[in-house]
Amino acid sequence: MIVTFDGSPVSVIRDTEISVDSPFKETTLLSGKTYIQASPEQKFARTFECYTEDFSEISTLLGKLGSPGTLVIDSDSYTSCYIVPPLKYKELIMGSGKYTYTISFGRHTA
């Protein structure tokens, strides 16, 4: 799987579970009946587990927190995406220069 965000590589080792969500609200009325408000628009959310031996990859992605960009997953492009904080990373063995990180993306739709 090839993933980039705003032109920067995201070294994915595993695509986590894909969750599809949409705006939905359920209300129980005083009469006991149920009223729902729902939208067919699906909420975009993706999370990836990653591995890199180049800390500059993580540093570059940290610099993109709070900025919208295009997320490309294989050949599919998603505009107006953003990194959902926090971006968590850890060095596997101190001084090894080998890192794993978990990164989540959302999409601005308003």
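About the cut-offs
- Residues numbered from 1 in each chain as written.
- Predicted model: local features only at pLDDT ≥ 70, side-chain atom pairs only at ≥ 80, totals over all residues.
- Heavy atoms only, no water.
- Helix = DSSP H or I, 4+ residues; strand = E, 2+ residues; numbered from the N terminus.
- Rg over C-alpha atoms; globule rule 2.2 N^0.38 Å.
- Buried < 20%, exposed > 50% of the residue type's maximum accessible area, 1.4 Å probe, protein only.
- Contact = heavy atoms within 4.5 Å.
- Areas by Shrake-Rupley, 256 points an atom, 1.4 Å probe, with all protein chains shown as cover.
- Lys, Arg positive; Asp, Glu negative; His and termini not counted.
- Charge placed at Lys NZ, Arg CZ, Asp CG, Glu CD.
- Core = buried A, V, L, I, M, F, W, Y, C linked by side-chain atoms within 4.5 Å.
- Pairing = 2+ DSSP bridges.
- Axes fitted to C-alpha atoms, helices over the stretch in contact; angles between N-to-C directions.
- Arc of directions from axis to C-beta.

**Student:** An account of the overall build of the protein chain is requested, with residue identities and associated values reported.
**Tutor:** A count of helical and extended segments in the protein chain gives one helix and nine strands. Listing each helix as α and each strand as β along the protein chain from the N terminus yields β-β-β-β-β-β-α-β-β-β. For 110 residues, the compact-globule estimate of 2.2 N^0.38 gives 13 Å, and the protein chain exceeds it by more than 25% at 18 Å. Reported as C-alpha extents along the three principal axes, the dimensions of the protein chain are approximately 65 × 30 × 25 Å. Taken over 110 residues, the protein chain has a buried fraction of 25%. For the protein chain, restricting intrachain contacts to residue pairs at least 6 apart in sequence, the fraction spanning at least 24 positions comes to 62%. Put simply, the protein chain shows about 7,400 Å² of open surface, and 52% of that area lies on carbon and sulfur atoms. For the protein chain, the distance from the average position of its 10 positive side-chain charges to the average position of its 13 negative side-chain charges is 7 Å.

**Student:** Any details on the nonpolar core? Residues and values, ideally.
**Tutor:** Core analysis: the biggest nonpolar cluster contains 19 residues, and Val10, Leu71, Ile103 and Phe105 have the highest contact counts within it. Elements that contribute at least two residues to this core include exactly strand E1 (3-5), strand E6 (45-52), helix H1 (55-62), strand E7 (69-73), strand E8 (76-91) and strand E9 (99-107). With residues up to four places along the chain from it excluded, the contact list for Ile103 reads Val10, Arg46, Thr47, Phe48, Cys50, Leu61, Ile83 and Leu87.

**Student:** So what's going on with the sheet that holds E6? Which residues, and what values?
**Tutor:** Note on sheets: strands pair through backbone hydrogen bonds, and any given pair is parallel or antiparallel. An order of E2-E1-E7-E8-E9-E6-E3 is seen for the seven strands of this open sheet, with the pairing classed as antiparallel. Looking along the sheet, the strands with just one partner apiece sit at the ends: strand E2 (8-10) and strand E3 (12-15). Neighbour-to-neighbour, the strand axes of the sheet open up by a mean angle of 35 degrees, direction not taken into account. Where E8 meets E9, eight bridges bridge the pair, whose relative direction is antiparallel. Pairing of Ile83 across the sheet is with Phe105, part of E9. Across the sheet, H1 touches E1, E2, E6, E8 and E9, and the angle it forms with E8 is around 120 degrees.

**Student:** Break down the pairing of E8 for me, with residues and values.
**Tutor:** Sheet topology note: the E7/E8 ladder contains four bridges and is antiparallel. In the sheet register, Leu71 faces E8, and the bridge partner there is Tyr78. A loop of two residues connects E7 with E8, the two strands running antiparallel in sequence, and Asp74 in this loop sits at a positive phi of about 55 degrees.

**Student:** If you had to explain H1 to someone new, which residues and values would you point to?
**Tutor:** For an α-helix, the turn length of 3.6 residues means that residues three or four places apart are oriented alike. Listing the buried residues of H1 in full gives Glu57, Ile58 and Leu61. All buried residues of H1 fall inside an arc of 95 degrees around its axis, so they share one side.

**Student:** With reference to specific residues and values, describe the pairing of E7.
**Tutor:** Relative to E7, E1 runs antiparallel, the two sharing three bridges. Bridge assignment links Thr4 to a residue of E7, and that residue is Val72.

Structural measurements only, silent on function.
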